[in-house]
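# Topology and contacts: notes
The lines below spell out each chain.
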Amino acid sequence: MADAKTTTRKKQRRSVPSGQLHIQATFNNTIVTFTDKKGNVLAASSAGATGFRGSKKGTAYAAQVAAEKAAETVKGLHGVKAVDVFVKGVGLGRDAAIRAMGSFDISVDSIKDVTGVPHGGVRPRKARRA
């Protein structure tokens, strides 16, 4: 078999002064993603990726550490100064991830809750026969 050459793209170092911060906070994990205004991902991190395992991934502290790691990357590579925050989910990491932005001098312009709300729902069970 010939040598398989793997190609990995180098992270682009482009200036993005303002972007978006997407926080998905579930009961089991918190995923933090920085994007530009169009939605292209600049940096991402999660509680699991920062070394937390099991039930510790769902904690507020784990979400804070994940947000700090992603913020450090996006601040260094892209120079993000302001973000619009989009929060999805009901986990403990909702507020902790937003508060972590203060220590990196990233100003939060707006906070929007984009948690999915069911309308209509699933088909009900068949009626019981007497």
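Residues numbered from 1 in each chain as written. Predicted model: local features only at pLDDT ≥ 70, side-chain atom pairs only at ≥ 80, totals over all residues. Heavy atoms only, no water.

### Regarding the pattern of salt bridges
On inspection of all chains with the given rule, the structure shows two salt bridges. D84 serves as the salt-bridge partner of K37, at 2.6 Å between the closest nitrogen and oxygen. Linking K37 in the loop between β2 (30–35) and β3 (41–46) with D84 in strand β4 (residues 82–89), this pair joins segments that are 47 residues apart in sequence. Between D113 and R94 there is a salt bridge, and its shortest N-O distance comes to 3.1 Å. Here R94 lies in helix α2 (residues 93–99) and D113 lies in strand β5 (residues 107–113), a separation of 19 residues in the sequence. With relative accessibility at 44%, the residue D113 sits in the partly exposed group. According to the relative accessible area criterion, R94 is partly exposed, its value standing at 23%. (Salt bridge = Lys/Arg side-chain N within 4 Å of Asp/Glu carboxyl O. Helix = DSSP H or I, 4+ residues; strand = E, 2+ residues; numbered from the N terminus. Buried < 20%, exposed > 50% of the residue type's maximum accessible area, 1.4 Å probe, protein only.)

### Side note on the packing of aromatic side chains
Given two aromatic rings, their pairing is described by the distance between the two centres and the angle made by the two planes. Considering all chains together, one arrives at one aromatic pair under this definition. A ring pair is formed by F52 and Y61, whose centres lie 5.9 Å apart and whose planes are at 85°; its orientation type is edge-to-face. For F52, a relative accessible area of 16% gives the class buried. (Phe/Tyr/Trp six-rings, centres within 6.5 Å; stacked < 30°, edge-to-face > 60°.)

### Thoughts on the pairing of β4
When you tally the buried positions in β4, you get seven out of eight residues, the bulk of the element. Relative to β4, strand β1 (residues 18–25) runs parallel, the two being bridged by eight bridges. Pairing of Q24 across the sheet is with K88, part of β4. Sheet topology note: the β4/β5 ladder contains six bridges and is parallel. Looking at β5, one finds that F86 is bridged to K112. Viewed along the sheet, the connection from β4 through α2 into β5 turns out right-handed. (Pairing = 2+ DSSP bridges. Right-handed = clockwise from strand over helix to strand, strands pointing away.)

### Details of the nonpolar core
L21, V32, F34, V83, V85 and M101 are the most contacted members of the largest nonpolar core, which has 22 residues in total. The set of elements that each furnish at least two residues to this core consists of β1, β2, β3, α1 (60–78), β4 and α2. The element best represented in this core is α1, accounting for five residues. Aside from chain neighbours lying at most four places away, what touches M101 is L21, F34, A67, A71, I106 and V108. (Core = buried A, V, L, I, M, F, W, Y, C linked by side-chain atoms within 4.5 Å. Contact = heavy atoms within 4.5 Å.)

### Notes on α1
The end-to-end C-alpha separation of α1 is 26 Å, in line with the 27 Å expected for 19 residues at 1.5 Å each. Those residues of α1 not exposed but buried are A62, A63, A66, A67, A70, A71, V74 and H78. Viewed end-on, α1 has its buried residues packed into an arc of 165°, placing them on one side of the element. Exposed residues lying more than 90 degrees from the buried face of α1 are Y61 and E72. Of the surrounding secondary structure, the elements contacted by the buried residues of α1 are β2, β3 and α2. Looking at the residues trailing α1, positive phi occurs at G79, about 65°. (Expected span 1.5 Å × (residues − 1). Arc of directions from axis to C-beta.)

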